Amino acid sequence: MTSRDPLLQPYRLKHLVLKNRIMTTAHEPAYPEDGLPKDRYRAYHVERARGGVALTMTAGSAIVSRDSPPAFNNVLAWKDEVVPWLARLAEECHDHGCAVMIQLTHLGWRTRWDRGDWLPVVAPSGLREPAHRAFPKVLEDWDIARIIRDYADAAERMKAAGLDGIEIEAYGHLIDAFWSPRQNALDAPWNGDLTARMKFSLDVLAAVRERVGPEFIVGVRYTADDRAPNGISVEDGLEIGRRLRDSGMVDFLNVIRGRVETDAALTDVIPVQGMAHAPHLDFAGRIRAEIGLPTFHAARIPDVATARHAVATGQLDMVGMTRAHIAEPHIVARIMAGREDDIRPCIGATYCLDRIYQGGEALCIHNAATGRELSLPHVVAPAARARRVVVVGAGPGGLEAARVAAERGHAVTVLEAQPEPGGQVRLIVRNPRRREMQGIVDWRMARCAAHDVVFRFNCWVEAEDVLALDPDVVIVATGGLAQIPALQSGGDLVVTAWDLISGDVRPGANVLIWDDAGDHAALMAAEIAADAGARVEVVTRDRSFAPEVMGMNLVPYMRALQPREVTFTVTRTLERVERAGNGLRATLGSDYGAFGQAREVDQVVVNHGTAPLDDLYLALRPHSGNGGAVDYDALVAGLPQPLPDRGFQLFRIGDAVAARNIHAAVHDALRLLKDL
């Protein structure tokens, strides 16, 4: 039967029929090798094609020119060697009925000169992009001619690779810098009125069309309002859209609102958890209504209901669910099977993008298989024989272990000391902006319920309790407890960030927070204290504060803390704490040399990570067949752990091993349990 679901309706784009209305927009997961989309990169996109998406837009910012150094381990579209790799990617995605396009760009000012071939960054002015801090060389005519030719060369390579089309990027990069009065300092004919400022982009499109012909699909992802003083206004954006349409060279528009040169601006374009869903959807709908070209858009559309609304109300022709597909590559398959409740939710943690912008690779905070498709499954296979699995601890790692084991067909029992599941997530969600993190727990609890996992809460477990269950496998996921750093003196006078977050301790009026872990806990504690009216100083030994929080997630904290009486002090260590009258004296030192400075406060809060709760694990080791040992070679190779000659297998995961993060815990669980 033909579905009436708006998301499952086919869409005709020129000659190309897309099988539904869901796409992944261009994003760079930073998986290329030598600038080429090799096996890992291909597997990532093929998994989403297998999951039913109609269009995958590969390569956030595939680079057309050598003097656009790859800031995010981008695909190098200026290399001829890219063609066979993209051809194979396209062929395998096509096998699943998924169209494949690629985004082409010259980064302009949005990169650094000390990447790639160490060529100077170029732009239509010497204005520096704050995020990458390079001062561009102002473009010369020969640069412009060369770059136009580079776009055409790259487009020709993409057609040769068998891709279904290309998308030219014009937001935060070179092309839209020509459009912006703020960024364009060139002389005529490249600057002046809008006609002059659009000359470069239209020349690029003309050169591309000359190479790929009139039938090949060419679109533009563009900022129709960059929200910058003297930048691209809404009126400019609408007129640019009209002129792109009237040129006859553009087949679709992919709409952006905002700019990306600072963490704060980027986060308004790509919102994180705690921010509004689909904040620019109505704006994209206005572009579609006034311009009339096929319109794509993606910006925090994390759930099926929002995506369905976007299409059903005629605001979009194709809806981008990009981070949602990083969390769950099989969204469309789940919709088609009537199993929307099984979709692993995107919780907006944006661990994926924050890692990229810090020079890492995209990973989902609670789907460890994303980016590891060559070694880890998104759907686990049934085991050859059922075993009895006991999991101690119902935090993210323990719940992932229980889910995977249960989906493998094992009989699973989870023992948890608290009255409800969640572990440290129960503390995280006390911050209203981070309540979506509860999805990590709720989704796993639902999956466990579907596979008859037995839970025993309010259960403080001793070794004898575990042994009484006669297990074949025991997973210790007991997590850790906040620890106090080794101070010269006064460790008994401090409290932990967890104490404030949990509400066990009320914040003082003058609070010093010593952050030696650099993660969310210190900022959450600072916000709690500031909300209570405290004067707060956050002190760290690092060169920058909260390095584990990363750029996009830092933005909501700064917006909450900067209007308050909160200061940040870097390159200072906490040496000792002592009583001083009715308050405390904290003595600060430095790793850089002799230094001493005192703070008179009434509360010292420390954030020094966690110490493993490993007593149960140590008690079980002598009873186990493997002594708790992990075969690291097998683990890294994606192979099963060897079976012991006697007794049960014992493993510990997550913070029960050492203080890490949620992703590490679920990764531990998946790669240990997938072959159990």
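Residues numbered from 1 in each chain as written. Predicted model: local features only at pLDDT ≥ 70, side-chain atom pairs only at ≥ 80, totals over all residues. Heavy atoms only, no water.

The protein chain appears in an unreviewed UniProt entry as NADH:flavin oxidoreductase/NADH oxidase N-terminal domain-containing protein from Albidovulum inexpectatum. Word for word, the UniProt comment on the protein chain under Sequence similarities (unreviewed entry) is "In the N-terminal section; belongs to the NADH:flavin oxidoreductase/NADH oxidase family." (UniProt positions renumbered as here; feature names shortened; annotations may be inferred.)

(A) Summary view of helix 2 (residues 82-94). Over its 13 residues, helix 2 runs 18 Å from end to end, which matches the ideal 18 Å to within 8%, given 1.5 Å per residue. On its buried side, helix 2 packs onto helix 1 (39-50), strand 4 (55-63), strand 5 (99-105) and helix 3 (141-160). (Helix = DSSP H or I, 4+ residues; strand = E, 2+ residues; numbered from the N terminus. Expected span 1.5 Å × (residues − 1). Contact = heavy atoms within 4.5 Å.)

(B) Broad picture of the side chain of Asn 607. Note that Asn 607 resides in strand 25 (residues 603-607). By relative accessible area, which is 4% here, Asn 607 ends up buried. Not counting chain neighbours up to four residues away, the residues in contact with Asn 607 comprise Ala 497, Trp 514, Asp 515, Asp 516, Ala 517, Gly 518, Asp 519, Ala 521 and Ala 522. (Buried < 20%, exposed > 50% of the residue type's maximum accessible area, 1.4 Å probe, protein only.)

(C) Region of interest: the environment of Asp 542. Relative to the helices and strands, Asp 542 resides in the loop between strand 20 (535-539) and helix 20 (551-561). Residues Asp 542 and Arg 572, spaced 30 residues apart in sequence, show a C-alpha to C-alpha distance of 7.7 Å. If we ignore the near neighbours within four places in the chain, the residues touching Asp 542 are Pro 547, Val 570 and Thr 571.

(D) Main features of the domain arrangement of the protein chain. Here the domain parsing of the protein chain yields domain 1 (6-358), domain 2 (388-479 + 613-674) and domain 3 (482-610). Computed over C-alpha atoms only, the centres of domain 2 and domain 3 are separated by 32 Å. Roughly 880 Å² of surface becomes buried between domain 2 and domain 3 when both sides are summed, with 53% attributable to carbon and sulfur atoms. Of all residues in domain 2, the largest losses of buried area upon contact with domain 3 belong to Leu 427, Arg 433 and Arg 434, amounting jointly to 56% of the total for that side. At the junction of domain 2 with domain 3, the criterion picks out one salt bridge. Linking domain 2 to domain 3 there are four residue pairs in polar contact (both at pLDDT 80 or more). Among the residues making up the side of domain 2 that touches domain 3, the classes are represented as three nonpolar, two polar and four charged. (Domains from an automatic or database assignment. Buried area = accessible area lost by both parts, 1.4 Å probe. Salt bridge = Lys/Arg side-chain N within 4 Å of Asp/Glu carboxyl O. Polar contact = N/O pair within 3.5 Å; in protein donor to acceptor, adjacent residues only side chain to side chain. Nonpolar A, V, L, I, M, F, W, Y, C, P; charged D, E, K, R; others polar.)

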